[in-house]
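The primary structure of each chain is shown beneath.
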Amino acid sequence: MIRRSDPMIAVYPGSFDPVTNGHLDIIRRAAAYYPRLVVAVVTNPSKKPLLSVKQRADLLREVCATIAGVEVDCFDGLLVDYVRKKKASLIVKGLRIVSDFEYEFSMALLNRHLPGGVDTMFLPASLEYAHISSSSVREVFSLGGDISDFVPQAVLRTMKRIGRHGLTRKRSR
Ligand code: PNS
């Protein structure tokens, strides 16, 4: 639980496969509340990733470069252990649609219950990004759709370099 003496460091964890405009909106808003925000890329996501950990972290570094107080890092293992290691006192998550809530709420309870428990603060997605997720971006792109409204330019460039056929091959493996 947060004590007044805790350092003002928050962790925003995720797969970021790839980072979307919705993630970026949460990062900007969270960074305005917390002087230090660690955006933490999970290195062993439950789903098989499209982008490597390095690609995901490099893209985040590029798109967050102008946001004061934001650092990008990678982690594996338990999120609460990582949060404690970073001497952070809070997890930040974005909530898009109602169906996010059930999963995120149980994760928040779990992360508070575990030894060294950490609280989670939810930021509601801005309306214009509430329908955007990394998985929908991957899906639209793999089917030849336009994702330029959904992701930062740097991500678009990387996705185009990989190509939708590369993406389909990777996902069907
Ligand atoms: O962007 P995602 O895929 O929704 O992020 C999920 C993430 C990385 C936040 C979650 O999988 C996670 O916290 N993984 C670390 C392992 C862990 O601590 N699991 C138990 C509590 S969630």
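Calculation notes
Residues numbered from 1 in each chain as written. Predicted model: local features only at pLDDT ≥ 70, side-chain atom pairs only at ≥ 80, totals over all residues. Heavy atoms only, no water. Phe/Tyr/Trp six-rings, centres within 6.5 Å; stacked < 30°, edge-to-face > 60°. Helix = DSSP H or I, 4+ residues; strand = E, 2+ residues; numbered from the N terminus. Buried < 20%, exposed > 50% of the residue type's maximum accessible area, 1.4 Å probe, protein only. Pairing = 2+ DSSP bridges. Right-handed = clockwise from strand over helix to strand, strands pointing away. Salt bridge = Lys/Arg side-chain N within 4 Å of Asp/Glu carboxyl O. Polar contact = N/O pair within 3.5 Å; in protein donor to acceptor, adjacent residues only side chain to side chain.

Participant: Now, about the packing of aromatic side chains: what can you tell me, with residues and values included?
Facilitator: All chains considered together, the criterion is met by 3 aromatic pairs. Summarising the aromatic geometry, the rings of F101 and F105 are spaced 5.2 Å apart at their centres and angled 15° between planes, so their arrangement reads as stacked. Here F101 pairs with F105, and both are found in helix α4 (residues 98-113), just 4 residues apart, close to one helical turn. Exposure remark for F105: the relative accessible area of 40% places this residue in the partly exposed category.

Participant: Run through the pairing of strand β4 (residues 90-95), naming residues and quoting values.
Facilitator: The buried fraction of β4 amounts to 6 of the 6 residues, a majority that puts the element mostly inside the structure. The alternating pattern of β4 places L90, V92 and G94 on one face and I91, K93 and L95 on the opposite face, and all of these are buried. One ladder, built from 2 bridges, connects strand β1 (residues 9-14) with β4; its direction is parallel. From the neighbouring strand, V11 faces β4, where its bridge partner is I91. Examined bridge by bridge, β4 and strand β5 (residues 119-124) share 6 bridges and lie parallel to one another. In the strand pairing of β5, G94 is matched with L123. One crossover worth recording links β4 to the parallel β5 by way of α4, and it is right-handed.

Participant: Can you break down the pattern of salt bridges residue by residue, with the values?
Facilitator: With the rule as written, the count across this model stands at 11 salt bridges. The residue K54 makes a salt bridge to D58 at a minimum N-O spacing of 2.6 Å. One end of the pair is K54 and the other is D58, both in helix α2 (residues 53-64) and 4 residues apart, which spans about a single turn. Notably, a salt bridge pairs D73 with K86, separated by 3.4 Å at the nearest N-O pair. Taken together, the residues D73 in strand β3 (residues 70-75) and K86 in the loop between α3 (79-85) and β4 connect sequence positions 13 residues apart. Among the charged side chains, a salt-bridge network with shared partners connects R36, E71, D73 and K86.

Participant: Can you break down unusual backbone geometry residue by residue, with the values?
Facilitator: Between D17 and the following residue, P18, the backbone shows a cis peptide bond with an omega angle of 5°. Along the chain, P18 turns up in the loop between β1 and α1 (21-33). Notably, F16 is not glycine yet its phi reads approximately 50°, a positive angle. Note on placement: F16 falls in the loop between β1 and α1. The phi dihedral of K87 falls on the positive side, at around 55°, and the residue is not glycine. Note on placement: K87 falls in the loop between α3 and β4.

Participant: With reference to specific residues and values, describe the environment of S135.
Facilitator: Position of S135 relative to the elements: it lies in helix α5 (residues 134-142). In the structure, S135 is positioned 117 residues away from P18 in sequence and 8.5 Å away in space, judged by C-alpha atoms. Within polar-contact distance, the side chain of S135 engages the side chain of S133 at 3.3 Å.

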